[in-house]
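# Structural features, examined
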Amino acid sequence: MRVQLFHPGTICLVALLLACTASFAVTPPTVTSTYAKVNTPQSGNYQPNQTITGTTTHRAVFDTTNGEYQPFKLVIIWESYPSWAPCGAGTDDNLLYTYNQQSGITVYSSPNPVIYQWTTPGPGQYSYVANTIAIPYAASRTYGPPPPPPPPPDGRDYTQGDPVQGDPDVTQITVVP
Amino acid sequence: MVVRLLSLAAPVWGIVLGTVACPSCPAQPPAAPAPTAEAPAKTTPPPAAYTVSFRIIKIDVAEGLDRREFADLPDSAFFITPESGDQFYDRVQLRQVFGEAIRPGLVATVGPVYSVTVPPRAEPVAIRGVLMDGKTEWSVSLAVEPRSDDGMKVDLRSVWLTKDLLAFETNPDPGKCEMYVGWPMPMWAGSGFSTNRPDREVGKNFERGYCVLVLVEPAVM
């Protein structure tokens, strides 16, 4: 009986099943780095009800060299807000689709830099925060390139890679009495 | 007994399904049509040079409309493949395909065609431009590497220094994109959304969209 288990045909079938399983494996692109920086306001003292300009820069670098399958979706999400209005800024994102396989694709916030104006609250210690999150995706199978033309984007299935949230950059603000 | 039946049936499965190389499953490569003496196979020589063209299409919301009405657009809405090389050159059709056809109220601005002609396997050739401020520069470097005997399947090697133009750029080591000559494709497409930005209405807003179409053709001049 044991010999029959290792019949060459059985091995052939098992190898085929393994090959089929392997063909469905998806390798998403990877995130090489993320970056968030508060340019202004700089740490220091400010007056109550003073208008300050929050200027932040955000970017993430992706590597699609070994990604399977195409196209890839590269997402950068950023936040720029003062601690007295943590929900005020919400989030912005920039999504980039590409068929390109490249070791360094840098996606920036748009606009770059991000600029918001705020009015300082009453006296106290506050901070200004910049955050960047990057998420890579690969198509779950190859869609295109033509010919024939790939199917419409609606309904395509994507596989998410490992998201990366960089360390936030923070400046300290003191609103004096 | 079941195992025995399975093992006996396995060679049949191997024949029905098999593409796996093993002693009991000999590889069966597809038979290639052999040229006959009467009709020798004609091979088309590969292009001696390629013209690589690209154009940028930007999509925005028509003036006066609320960006929240477009918050439900799929983020891939602008990742559209033109139907043909002719459509790549048709500004009116592209304006329709990337604007009103996606949703009334979207306005597509179709940029000019930038082209460069390169011999196969040459070093990348750069196209440079400036933004509306007259100062900020961008550049795209392009090269073509044939991947088939007839030269109609190629790898487009490219470098995109478009940080201020499209909010992305690549490193100077050229990337690779598989293309077919004569078939335009969206090499890059982007979109952006926001929620609760201080300078917008509360709620999710559609912010921007764009698509970079690329076309590789045999050089004719």
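Residues numbered from 1 in each chain as written. Chains lettered and ligands numbered in written order. Predicted model: local features only at pLDDT ≥ 70, side-chain atom pairs only at ≥ 80, totals over all residues.

### Focus on the overall build of chain B
Within chain B one finds four helices and 10 strands. Helices and strands appear in chain B in the N-to-C order α-β-α-α-β-β-β-β-β-α-β-β-β-β. Across chain B, every contact between residues at least 6 apart in sequence was considered, and the portion connecting residues at least 24 apart equals 62%. (Helix = DSSP H or I, 4+ residues; strand = E, 2+ residues; numbered from the N terminus. Contact = placed C-beta atoms within 7 Å.)

### What about the confidence of the model for chain B?
Residues and elements named next belong to chain B. Summarising the model, chain B shows a mean pLDDT of 84, and 81% of its residues fall at 70 or more. Scored below 50 in pLDDT, residues 1-37 shows 43 contacts in the model against residues more than four places distant or in partner chains. Two summary scores accompany this predicted model of the complex, namely pTM at 0.81 and ipTM at 0.80. (pLDDT = per-residue confidence, 0-100.)

### Some thoughts on the pairing of strand β8 (residues 124-139) of chain A
Residues and elements named next belong to chain A. Of all 16 residues in β8, 13 are buried, a share of seventy percent or more. Here strand β4 (residues 72-82) runs beside β8; their pairing, made up of 11 bridges, is antiparallel. In the strand pairing of β8, I77 is matched with I133. The pairing of β8 with strand β11 (residues 169-175) spans seven bridges and is antiparallel. Bridge pairing links Q125 to T174 in β11. (Buried ≥ 20, exposed ≤ 12 C-beta atoms within 10 Å, placed from the backbone. Pairing = 2+ DSSP bridges.)

### Topic: the nonpolar core
Grouped together as the largest cluster of nonpolar side chains are 71 residues, with contacts concentrated most on V107 of chain A together with I57, F78, F98, L156, C211 and V216 of chain B. With sequence-adjacent residues up to four places away left out, L156 of chain B is seen in contact with V52, L142, V144, C177, M179, V214 and V216 of chain B. Grouped together as the second largest cluster of nonpolar side chains are nine residues, V38, Y81, Y128 and A130 of chain A included. (Core = buried A, V, L, I, M, F, W, Y, C linked by C-beta atoms within 7 Å.)

### So, the pairing of strand β5 (residues 92-98) of chain A
Among the seven residues of β5 of chain A, seven are classified as buried, and the element is accordingly described as predominantly covered. Taken together, the seven bridges between β4 of chain A and β5 of chain A define a ladder with antiparallel strand orientation. The residue of β5 of chain A that forms the bridge with K73 of chain A is Y97 of chain A. The sheet contact formed by β5 of chain A and strand β9 (residues 185-195) of chain B spans seven bridges and is antiparallel. The residue of β9 of chain B that forms the bridge with D93 of chain A is F193 of chain B.

### Remarks on unusual backbone geometry
A cis geometry characterises the amide bond from E68 of chain A onward to Y69 of chain A, with omega recorded as 5°. Along the chain, Y69 of chain A falls in the loop between β3 (51-63) and β4. Backbone torsion omega between N112 of chain A and P113 of chain A reads 5°, so that peptide bond is classified as cis. Tracing the sequence through the fold places P113 of chain A in the loop between β6 (105-108) and β7 (114-119). Although it is not a glycine, N49 of chain A adopts a positive phi angle of roughly 60°. Its location among the elements puts N49 of chain A in the loop between β2 (44-46) and β3. Of note, A167 of chain B is a non-glycine position whose phi angle comes to about 65°, a positive value. Counting through the fold element by element, A167 of chain B comes out in the loop between α4 (163-166) and β7 (168-170).

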